[in-house]
Amino acid sequence: MLKIERKTLLYKTGVEYGDYTINHVLGCSHGCMYPCYAFLMNKKFGKVKDYKDWITPKIVSNAVDLLEKEIPKLRYKIKHVNMCFSTDPFMYRQEEVSKLSLQIIDILNSNGIPVEVLTKGVYPVELVGISKNDDNYFGISLVSYSEKFRERFEPGAAPVEKRLKSLEFLHRQGFKTWVSIEPYPTPNIIQQDIRELLSKISFVEKIVFGRWNYNSFVNFNFDSKEYYRRIADEVMNFGLKKNIKVIIKREVLL
Ligand code: SF4
């Protein structure tokens, strides 16, 4: 795998429900076609040339050294570390990325810092021996149960069934789990029933719901505001019934 070096690693994010975050890989082989906001930003700022460059991940070779230097300075400011907003820590079939992510979780937890992880990959079983903070949260992104949708919009990501199984496994091991349903597609992209998706994830502790923001796919002839409020209500009611914490992203309610 290609390598890069960075000057800093831990930083405070402006993302709605985030705290500190790290991106220990540049690029992501999942290559989401929504398109991926991280790809657009990295392209805009000249960090990657094009889509092909983006889906060829480059690992930050000095990530562990940086982390060990930065933790003592930031330790008491950090509530948790989000992994990750600009890459995927458990990129499907990218062993080196997973290995480094496990190392990072180990270091953070050993310093009393919990992590909030999100992936469209598969969690490795080794995580069970490494994760040691009761406040760790492990999540998957899941916006459709359709493999056809996954193949079109998340071509390099793990099949949805595999993602779910790995999350269920962590739940059975006693870990806190969550699901990000974002960006939830409009019916012109795919016709689906949110209740089917929700029925698969009734074991999680938390659900975050957000809308599809990418104009090129949105059908302007339909009332997306009304649509998203209705779906958000379904998610809220499901959360109440199952005792699951639900976070509806701000833009859904505007
Ligand atoms: S998994 Fe996340 S970081 Fe990777 S391409 Fe998809 S949206 Fe971007």
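Scoring rules and cut-offs
Residues numbered from 1 in each chain as written. Predicted model: local features only at pLDDT ≥ 70, side-chain atom pairs only at ≥ 80, totals over all residues. Heavy atoms only, no water. Near = heavy atom within 4 Å. 1 Å grid on protein atoms, 1.4 Å probe; cavity = no way out; pocket = protein on both sides within 12 Å on 5 of 7 lines; lining within 4 Å. Sits in = over half its atoms within 2 Å of the grid points. Nonpolar A, V, L, I, M, F, W, Y, C, P; charged D, E, K, R; others polar. Pairing = 2+ DSSP bridges. Helix = DSSP H or I, 4+ residues; strand = E, 2+ residues; numbered from the N terminus. Contact = heavy atoms within 4.5 Å. Axes fitted to C-alpha atoms, helices over the stretch in contact; angles between N-to-C directions. Points joined across faces, edges and corners; volume = space filled by probe spheres on them. Buried < 20%, exposed > 50% of the residue type's maximum accessible area, 1.4 Å probe, protein only. Phe/Tyr/Trp six-rings, centres within 6.5 Å; stacked < 30°, edge-to-face > 60°. Lys NZ or Arg CZ within 6 Å of the ring centre and 35° of its normal.

## As for the site of the ligand
Then, in step 1: Taken together, the residues surrounding the ligand are C28, H30, G31, C32, C36, W54, T87, D88 and K120.
Then, in step 2: Of the pockets mapped on this structure, the ligand occupies the largest pocket.
Then, in step 3: A per-class count over the shell around the ligand returns four nonpolar, three polar and two charged.

## Focus: the sheet that holds strand 6 (residues 81-83)
Then, in step 1: Pairing within the open sheet is mixed, and its eight strands lie in the order 2-3-6-7-8-9-10-11. Among the strands making up the open sheet, the edge pair consists of strand 2 (11-12) and strand 11 (245-248).
Then, in step 2: One ladder, built from two bridges, connects strand 2 with strand 3 (residues 20-21); its direction is antiparallel. Note that in strand 3 the partner of Y11 across the bridge is T21.
Then, in step 3: Along the sheet face, helix 7 (residues 160-172) touches strand 8 (137-141) and strand 9 (176-184) and points at about 165° away from the line of strand 8.

## A closer look at the layout of surface pockets
Then, in step 1: By volume, the largest pocket is sized at about 1300 Å³.
Then, in step 2: Lining the largest pocket are 44 residues; nearest its centre among them are Y37, A38, C84, F85 and S86.
Then, in step 3: The biggest single contributor to the lining of the largest pocket is helix 1 (residues 37-44), with four residues.
Then, in step 4: Residues of the lining of the largest pocket, tallied by class, amount to 21 nonpolar, 13 polar and ten charged.
Then, in step 5: Size it by volume and the second largest pocket reaches roughly 250 Å³.

## Observations concerning the side chain of E154
Then, in step 1: For E154, the position within the fold is in the loop between helix 6 (147-153) and helix 7.
Then, in step 2: With a relative accessible area of 2%, E154 lands in the buried category.
Then, in step 3: What E154 contacts, discounting residues up to four positions off in sequence, is H30, C32, Y34, K120, V143, F149 and R163.

## Description of the packing of aromatic side chains
Then, in step 1: Counted by the stated rule, this structure contains 13 aromatic pairs.
Then, in step 2: With a centroid separation of 5.0 Å and 70° between ring planes, the pair formed by Y227 and Y228 is classed as edge-to-face.
Then, in step 3: Relative accessible area serves as the criterion here: at 1%, Y228 is assigned to the buried category.
Then, in step 4: Grouped by ring-pair contacts, the aromatic residues Y34, F149, F153 and W212 constitute a single cluster.
Then, in step 5: It is R75 that lies over the ring of Y76; its NZ or CZ is 5.5 Å from the centre.
Then, in step 6: The ring of Y137 has K206 sitting right over it, with the charged end atom 4.6 Å from the ring centre.

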